[in-house]
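One-letter residues, chain by chain:
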Amino acid sequence: MSLELKSLRKHFGAVKAIDDVSLAVGDGEFFSLLGPSGCGKTTLLRTIAGILQPDGGTIALDGRDITRVPVHARNTALVFQSYALFPHLTVFENIAFGLRMRREKEAAIRSRVVEALGLVRLEGMGERLPAQISGGQQQRVALARALVVRPALLLLDEPLSNLDARLREEMRVEIRRIQRAVGITTILVTHDIQEAFALSDRIAVMNQGRAEQIGSPADIYLRPATQFVAEFAGQINHFAVRVERVDGARAQVAASDGFRFWIASIGRAPAVGSELVVILRPERVRLDAGPHANRFTATVEDVTYLGGLTIYRLALGAHRLLAQAQNLGAPGPSPGATVPVGWEPEDGVCLVRN
Amino acid sequence: MILRVFNWVMAAVMLAPLVLIVWMSFTPAAFFRLPTTEFSLRWYREAFNYPGFLNSFLLSLRLAGVSAAIATFLAFLAAYGLVRFRFPGKGALEAFFMSPLLVPGVVYGIAMLQFVNSLGLYNTFWALVLAHIAIVVPYALRPIHAQLRAVPEDLEWAARTLGATRTRTLLRVTFPICARGVLSGFLLAFLISFAEVTVVIFMTGPAYQTLPIRIYNYLTDQIDPTVAAISAMLIGLSLVLILILDRIGGLRPAAK
Amino acid sequence: MSGTDATIQGQGAARWLPAVFVLPLGIVLALGFLWPLFDGTVNSFHPFTRAGIDRSTWTLENYAKLADSFYAGILWRTIRVSLIVTLLTAALAYPVALYIVGLSPRGQAFYLLIYMTPWLVNVVVKAFGWSLLLSANGVINQSLKALGIIETSMRLMLNETGIVIGLTHGHFIFVLLPLWAALSGLDPNLRWAAANLGARGWDIFRRVTLPLTLPALMAGLIINFTMNMTAFATPALLGGARARVVSFLAYEVNLVELNWPLGSAMAVAMLAISLLLIWLSLRTASFGSRRVRPEGASP
Ligand SMILES: Nc1ncnc2c1ncn2[C@@H]1O[C@H](COP(=O)(O)OP(=O)(O)O)[C@@H](O)[C@H]1O
Ligand SMILES: [Mg+2]
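What counts, and at which threshold
Within every chain, residues take consecutive numbers counted from 1 along the sequence as written. Chain labels run from A onward and ligand labels from 1 onward, assigned in the order the entries are written. Under the rules for a predicted model, residues below a pLDDT of 70 receive no local features and side-chain atom pairs below 80 are neither given nor counted, while totals for whole chains, interfaces and linings still include all residues. Computation of side-chain values: all heavy atoms of the structure, hydrogens and water removed. Contacts are assigned to residue pairs that have any heavy atoms within 4.5 Å of one another. Summed over both partners, the accessible area (1.4 Å probe) lost when two parts come together is defined as the buried area. We define a salt bridge as a contact between a side-chain nitrogen of Lys or Arg and a carboxyl oxygen of Asp or Glu at a distance within 4 Å. A helix here means a DSSP run of H or I that spans at least four residues, while a strand means a run of E at least two residues long, and both kinds are numbered starting from the N terminus. Any residue that is not Ala, Val, Leu, Ile, Met, Phe, Trp, Tyr, Cys, Pro, Asp, Glu, Lys or Arg is counted as polar, Gly included; the first ten are nonpolar and the last four charged. Here, nonpolar core refers to any group of buried Ala, Val, Leu, Ile, Met, Phe, Trp, Tyr and Cys residues whose side-chain atoms link them within 4.5 Å. Each residue gets one of three labels from its accessible area relative to the maximum for its type: buried under 20%, exposed over 50%, partly exposed in between, using a 1.4 Å probe on protein chains only. A patch consists of residues whose relative accessible area exceeds 30% and which take part in no salt bridge; residues with like charges are grouped when within 9 Å of each other, and nonpolar side chains (Val, Leu, Ile, Met, Phe, Trp, Tyr) when within 5 Å. Per-residue and other accessible areas were derived by the Shrake-Rupley procedure at a 1.4 Å probe size, with only the shown protein chains allowed to occlude residues. Counting of polar contacts relies on pairs of N or O atoms within 3.5 Å, with two restrictions inside protein: one atom must be capable of donating a hydrogen and the other of accepting it, and residues adjacent in sequence are counted only when both atoms are side-chain atoms. Strand pairing requires that DSSP identify at least two bridges connecting the strands. Place the viewer so that the strands point away; then a crossover is right-handed whenever the path from the first strand over the helix to the second strand goes clockwise. In this document the domain limits rely on a domain assignment from an automatic tool or a database.

> I'd like a rundown of the interface of chain B and chain A, residues and numbers included.
Each side of the interface is counted separately: chain B has 16 residues, and chain A has 23 residues. Carbon and sulfur atoms supply 67% of the area that chain B and chain A bury against each other, a total of about 1,800 Å² over both sides. In terms of surface lost to chain A, no three residues of chain B exceed B:T161, B:L162 and B:R168, which account for 36% of the buried area on that side. At the boundary of chain B with chain A, the tally comes to one salt bridge. In this structure, B:D154 engages A:R46 in a salt bridge whose closest nitrogen and oxygen atoms are separated by 2.8 Å. It is helix α7 (residues 153-161) of chain B that contributes the most residues to the side of chain B that touches chain A, seven residues altogether. For the side of chain B that touches chain A, the per-class residue count stands at nine nonpolar, three polar and four charged.

> Tell me about the nonpolar core, and name the residues and values.
Ranked by size, the top nonpolar core spans 244 residues in total, and within it A:L33, B:I215, C:Y115 and C:F232 carry the most contacts. Those residues in contact with A:L33, other than ones at most four positions away along the chain, are A:L23, A:K41, A:L44, A:L45, A:I187, A:L188, A:V189, A:T190, A:A204 and A:M206. Grouped together as the second largest cluster of nonpolar side chains are 24 residues, A:V241, A:L316, A:V339 and A:W343 included.

> Give me the lowdown on a nonpolar patch on the surface, citing residues and values where you can.
Residues B:L119, B:L121, C:L23, C:I27, C:L31, C:W35 and C:F38 make up a contiguous nonpolar surface patch of about 670 Å² in total accessible area. Topologically, C:L31 is positioned in helix α1 (residues 17-43). On the basis of relative accessibility, which here comes to 42%, the residue C:L31 falls in the partly exposed class.

> So, the interface of chain C and chain B: which residues are in play, and what are the values?
With 80 residues of chain C at the interface, the matching set in chain B holds 87 residues. Counting each side, the surface lost to burial between chain C and chain B is near 7,600 Å², with a carbon and sulfur contribution of 79%. Inspection of the chain C/chain B interface yields zero salt bridges. On the surface where chain C and chain B come into contact, there are 11 residue pairs in polar contact (both at pLDDT 80 or more). Contributing elements (two or more residues each) for the side of chain C that touches chain B: α1, α3 (69-101), α4 (105-120), α5 (123-134), α6 (139-146), α11 (233-238), α12 (246-256) and α13 (260-297) of chain C. Among the elements that line the side of chain C that touches chain B, the one with the most residues is α1(C), at 20 residues. Classifying every residue of the side of chain C that touches chain B by side-chain character gives 57 nonpolar, 21 polar and two charged.

> Which residues make up the pairing of strand β8 (residues 186-190) of chain A, and what values do they have?
Residues and elements named next belong to chain A. With five of five residues buried, β8 lies mostly within the body of the structure. As defined by bridge partners, strand β3 (residues 30-34) adjoins β8 across five bridges and the pair is classed as parallel. Bridged to F31 within β8 is I187. As paired strands, strand β7 (residues 153-157) and β8 are joined by four bridges and run parallel to one another. Paired with L155 across the strands is I187, a residue of β8. With helix α5 (residues 165-182) bridging β7 and the parallel β8, this β-α-β connection has right-handed handedness.

> Would you mind going over the pattern of salt bridges in detail, with residue names and values included?
Residue and element names in this part refer to chain A. Overall, the coordinates contain 27 salt bridges over all chains when judged by the stated rule. A salt bridge links R286 to D347, with the shortest nitrogen-to-oxygen separation between them at 2.5 Å. Of this pair, R286 sits in the loop between β14 (275-280) and β15 (294-305) while D347 sits in the loop between β18 (338-343) and β19 (349-352), and the two are 61 residues apart along the sequence. Members of the salt-bridge network, linked through shared partners, are R121, R140, E170, E174 and R177.

> Report on the domain arrangement of chain A, specifying residues and quantitative values.
Taken as a whole, chain A is organised into domain 1 (3-222) and domain 2 (237-352). Here domain 1 of chain A and domain 2 of chain A have C-alpha centroids that lie 40 Å from each other.

In structure tokens:
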């Protein structure tokens, strides 16, 4: 089912936990709410589930306004960060809970729970209590319990944050597999950019209760709408500059200390004199003397070896520049070395400074 | 070491009167004389053959059972209201619910005597139930409140999102998870109600013979080992309830 | 953090919903607890006549009567006996607490349960047990006579001695428990030194341990004293009419003389004194925890 939020607002005293959020999630879409801790993701998710009442705006499922529908009648299943498994019920009864509340027939309950156990690969675990299974298994039970009622929406609140790194990778794949198999519209809350990128069709990046940008993972990474989104989506170099000259598809910009380089003027051309922030991802900074439009010489200050990659911290005049290079065999420069650096105008992303 | 011996002596003194009662209840003589080695169940037979004691026992059981059940039910609802909601005057209300602990039995007994008389409820079962509810409510409330606070609210929300109404959530999730606390609360309430002497005596005079009152009346005129047998059974009953309470952790909040 | 801790169930609920849960108990307690106490208080301000309570007249004569030498004498005995019990309990409970905190957790739990048993056993049963020990031909008198130490029985009950013994036994835990808690919070070295009362141990005990546990001790003693003051069954059975205390007198006034206004005045006075003492005890305890914690925390 499709979900549409219109100008949703929720305040806790002076805190605007949700500040005028509008978004639409298509049928079967995997949608993520991504943002730092405290930005309002959980609040938004709980408002969609009906646990919290919004102070303004509407929530619609398939065009039907459900803003005032009480929690238990919403048919949205929420997987809690803490899993919230019922400690006094077996795995089987945990999963059967929603079906019992819907007064399904005993035989139907049995077959659907068994099916759900199979879906999350927990066959034969039905008689255990939640305390007797591992964290990863609890996670699967929570997922099965949510899915078995065939909800209109699956809401996941940081479902992987309590798992260790390896299990997290594994569950990430699992969740995507299950979501595809069931074809259910899903909203995931996470602060983990990798998780959001790996799982989502689209992402809303949230900051202080607002949705700063909504788009595909590639949109978010390659075409960030704000500096906040750019920074949240990975390490960046950024330069505060003024446009000095426009030359067809390019423009030359200068930082206040006179450091000059070229940017691409895509779309509407920037006016001379306008103030911009140029964002440059480290992997776009090349450490070679190729015929780049922007070419400089820098000094290596620091080298961080990461296996497949190496991060270089460079000094470029008064500016610090991060560069990231793949390790393809030849040893890279050492601290203190002088290296050529360069990038193309298209590598920079321009944001209007405010 | 002096302290160790002193502790033994004190512990012995604590138990001495109780041990003596049990001992006496198993001797055949009508007067307690030391040393005695004979063993007899005579006084237990007498106790059970004397309808007064059995009736008193049943009355006490009924009074404690009914009062504790009602008090536990009310306390559970109240604890849920106190733990799960925020509303003005909550602190004061909680203090009010615990306040019967602050009022001495004598004082409350006098007040109830006059109150119950003015309502024409003197010497009725339900007047005693009302008094006992007030007396035991704090004991029921404390463990239930503590346990309820330890139940994550998300469990209830999980149930709600899965289609359970508030009432069904309460019955199917919250209550079962708190069962231990509720049981502790009930047993403590039962224990306190069963043992209550002062308020009952003041409310009814020696007329309404709960088991402790019957023993009280007995002691004021004669001493007969039947009392020992009955007292021994009471000690045994307390012991069983206390062991259960200790097992389910009910004594910890009560002791604090 | 998910910020869920502070979410309130009432978020989407009607404002009156909490009332559904707290009102039933509130009403029962208002009817069965507050109202009777209020009613009794009102009665204490009416005069007592042959016909009963004269509700048309207001008076303070019931309170004035409490100052009569007869009533004042019994009040004085009650205070005296309660105080003796409290001091005796302090002297007995402190060494026990000192010993117990040094034990393993299991040992501590075991002894605490033993010291708790008197409180958990019915008060009339306890009194009966003591009468087996203390009566004229009770175990103590029999034994002493058999050993030839005394010839005629000593009077150990149906007087103040009986009350003191019964109450000390019955209310012991209310001093022991807070004392034990306070001592558990102390540096083990202090406890050890105090328990091994050599010259140095005694010094440490007097200068450090005792002052640090004094607030807890005082709080326990005040509670103990309050309970002694208002105890009924123990003094009635072990003291009797020969050693009347206030609660016993209140019983006679209310149920024998049927002078409810005077009886209510006695109840109001007892309630006022207990509440005052309990308040004092709470003040003492909180004062103590404020003072002890920072010192006790650093070894
Ligand atoms: N029940 C509440 N009462 C008061 N403030 C809250 C409550 N729930 C959340 N907040 C605040 O709202 C903001 C958003 O919280 P949350 O939605 O939990 O963020 P996230 O899930 O993104 O970490 C935070 O500042 C948080 O402190
Ligand atoms: Mg969160």
